[in-house]
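Below are the chains, spelled out letter by letter.
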Amino acid sequence: MAIIVNLLLIFSATILIMGNTSSAQLSTNHYKKTCPNVFKVVKSVVKSAVGKEKRMGASLLRLHFHDCFVQGCDGSILLDDTSSFKGEKTADPNNNSVRGYDVIDVIKSKVESVCPGVVSCADIVAIAARDSVVLLGGPSWEVKVGRRDSRTASLSAANSGQIPPPSSTLGNLINRFRAKGLSTKDMVVLSGAHTIGQARCTSFRTRIYSETNIDSFFARTRRGNCPRTPGSGDNKLAPLDVKTPTSFDNAYFKNLIDKKGLLHSDQVLYNGGSTDSLIKSYSKNPKAFNKDFVTAMIRMGDINPLTGSKGVIRKNCRKIN
Ligand code: HEM
Ligand SMILES: *[C@@H]1O[C@H](CO)[C@@H](O)[C@H](O)[C@H]1NC(C)=O
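Residues numbered from 1 in each chain as written. Chains lettered and ligands numbered in written order. Predicted model: local features only at pLDDT ≥ 70, side-chain atom pairs only at ≥ 80, totals over all residues. Heavy atoms only, no water.

Participant: Describe the domain arrangement of the protein chain, listing the residues and the values that go with them.
Facilitator: In terms of domain boundaries, the protein chain breaks down into domain 1 (26-162) and domain 2 (170-299). Between the C-alpha centres of domain 1 and domain 2 the distance comes to 23 Å. At the interface, 24 residues of domain 1 touch 18 residues of domain 2. Summing both partners gives a buried area of about 1,800 Å² for domain 1 against domain 2, and 69% of it is carried by carbon and sulfur. When the area that domain 1 buries against domain 2 is broken down by residue, the three leading residues are Arg 55, Phe 69 and Trp 141, summing to 30%. On the surface where domain 1 and domain 2 come into contact, there are 0 salt bridges. Inspection of the domain 1/domain 2 interface yields 4 residue pairs in polar contact (both at pLDDT 80 or more). If you list the elements that add at least two residues to the side of domain 1 that touches domain 2, you get helix H3 (55-68) and helix H5 (121-135). In terms of residues, the side of domain 1 that touches domain 2 owes the most to one element, H3, which gives 6 residues. Per-class residue counts for the side of domain 1 that touches domain 2 are 9 nonpolar, 11 polar and 4 charged. (Domains from an automatic or database assignment. Contact = heavy atoms within 4.5 Å. Buried area = accessible area lost by both parts, 1.4 Å probe. Salt bridge = Lys/Arg side-chain N within 4 Å of Asp/Glu carboxyl O. Polar contact = N/O pair within 3.5 Å; in protein donor to acceptor, adjacent residues only side chain to side chain. Helix = DSSP H or I, 4+ residues; strand = E, 2+ residues; numbered from the N terminus. Nonpolar A, V, L, I, M, F, W, Y, C, P; charged D, E, K, R; others polar.)

Below is the structure:
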């Protein structure tokens, strides 16, 4: 009798565990037998792309974020529009802004040549994001893999604010990340990704012309390459981190304390609110930033993956098989 009760307990506990965690099947060794060289291949392509243009590291990191925040980390952002299908690429947060699709294509074709039909595009994006951070001087971590690719994308979800806009309030940012299972601390530390990369004038124009919680010299400098009137200057670029724009370091947090956040959504993290103390602490402690960034990246990579019999392994990241 006792044995039967025990067996029942183990059985129901197993069902509970399996039923609960959609990411249970992501693991760092998913491709150990089926594509042992995938990490090497991804790294070599990312290395050459970032060697040519450092900004590409930033672009690949952001690509993973924008993939994960719409339908989960499922490669949905990579699908091209067709005559009968409109994907996420022209959504407001992505259009003329998200980059790196060509690099993902090169990685995918190399990976297909060594292990055809095995590695998902969603995993390639996650690995490329990690490699980018490392190449620009940031921390490393073991990337969990085993995601499969979606057969769909959602333009409406990509436009719905799930990817928060740069005009967001602090409350907005907290809520948008909470909706994806990420904490306020995750949100703050992941915003530290803005230690690399660039933004377009249209993303920071209002801040540099109308806000008061901005260093006046910094604002003046930025206005020099971002005309007040919307139009032809919309795509002019400025670095998100004024100090060390191509190094993954904690200068982003120091900038916020100096009122030199480029985006409105950056400066709200240090503007007298609940996240000020975290900003101060990361500005003084690069090790804590690196450690918490890694934890949060792994949590972001766990958002709603397709695993098991869900989804597919796309042959071409831009198309449904
Ligand atoms: C907290 C909410 C966030 C907001 C409101 C936000 C907003 C933005 C905006 C407006 C840009 C400039 C886009 C352009 O003008 O073309 C940008 C760039 C960037 N974002 Fe974020 N972002 C957020 C979180 C994140 C996260 C979580 C990551 C990654 C972990 C990230 C990584 C990047 C990177 C690396 C760039 C530069 C990309 C490049 O140079 O190609 N951001 N972000
Ligand atoms: C996307 O950008 C292109 C310019 O490259 C523009 O013609 C198009 O209208 C934009 N699409 C949307 C939906 O904003």
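Participant: Tell me about helix H8 (residues 184-191), and name the residues and values.
Facilitator: Counting buried positions over the 8 residues of H8 gives 6, a clear majority of the element. Among the residues of H8, those classed as buried are Asp 186, Met 187, Val 188, Val 189, Leu 190 and Ser 191. In this structure, the buried side of H8 is in contact with helix H7 (170-178), helix H11 (251-257), helix H13 (276-284) and helix H14 (286-301). Structurally, the start of H8 carries an N-cap: the backbone nitrogen of Lys 185 is 3.3 Å from a side-chain oxygen of Ser 183. (Buried < 20%, exposed > 50% of the residue type's maximum accessible area, 1.4 Å probe, protein only.)

Participant: Quick one: what's the story with the site of ligand 1, residue by residue and with numbers?
Facilitator: Taken together, 26 residues form the shell around ligand 1, and within it Arg 55, Ser 59, Ser 97, His 194 and Ser 203 come nearest. Between His 194 and ligand 1, the recorded distance is 2.9 Å, taken from a side-chain N or O atom to a nitrogen atom. In the environment of ligand 1, an oxygen atom lies 2.7 Å from a nitrogen or oxygen atom belonging to the side chain of Arg 200. If you map ligand 1 onto the pockets, it falls in the largest pocket. With 5 residues, the top contributor of residues to the shell around ligand 1 is H3. When the residues that make up the shell around ligand 1 are grouped by side-chain class, the tally is 14 nonpolar, 8 polar and 4 charged. (Near = heavy atom within 4 Å. 1 Å grid on protein atoms, 1.4 Å probe; cavity = no way out; pocket = protein on both sides within 12 Å on 5 of 7 lines; lining within 4 Å. Sits in = over half its atoms within 2 Å of the grid points.)

Participant: So, the site of ligand 2: which residues are in play, and what are the values?
Facilitator: Close to ligand 2 lie Thr 90, Asn 95 and Asn 96, which account for all nearby residues. At a separation of 2.5 Å, an oxygen atom of ligand 2 approaches a polar side-chain atom of Asn 95. The side chain of Asn 96 places a nitrogen or oxygen atom 2.9 Å from an oxygen atom of ligand 2. Contact with the protein chains covers 34% of the free accessible surface of ligand 2, which is 360 Å². (Areas by Shrake-Rupley, 256 points an atom, 1.4 Å probe, with all protein chains shown as cover.)

Participant: Before we move on, could you go through the packing of aromatic side chains and cite the residues and values that matter?
Facilitator: Remark: the centre distance and the inter-plane angle together describe each pair of aromatic rings, the angle taken between the planes. Under the defined criterion, the tally for this structure stands at 11 aromatic pairs. Arranged with centres 5.2 Å apart and planes meeting at 85°, the rings of Tyr 252 and Phe 253 form a pair that is edge-to-face. On the basis of relative accessible area, Tyr 252 is assigned to the buried category, the value being 1%. We classify Phe 253 as buried; its relative accessible area is 0%. (Phe/Tyr/Trp six-rings, centres within 6.5 Å; stacked < 30°, edge-to-face > 60°.)

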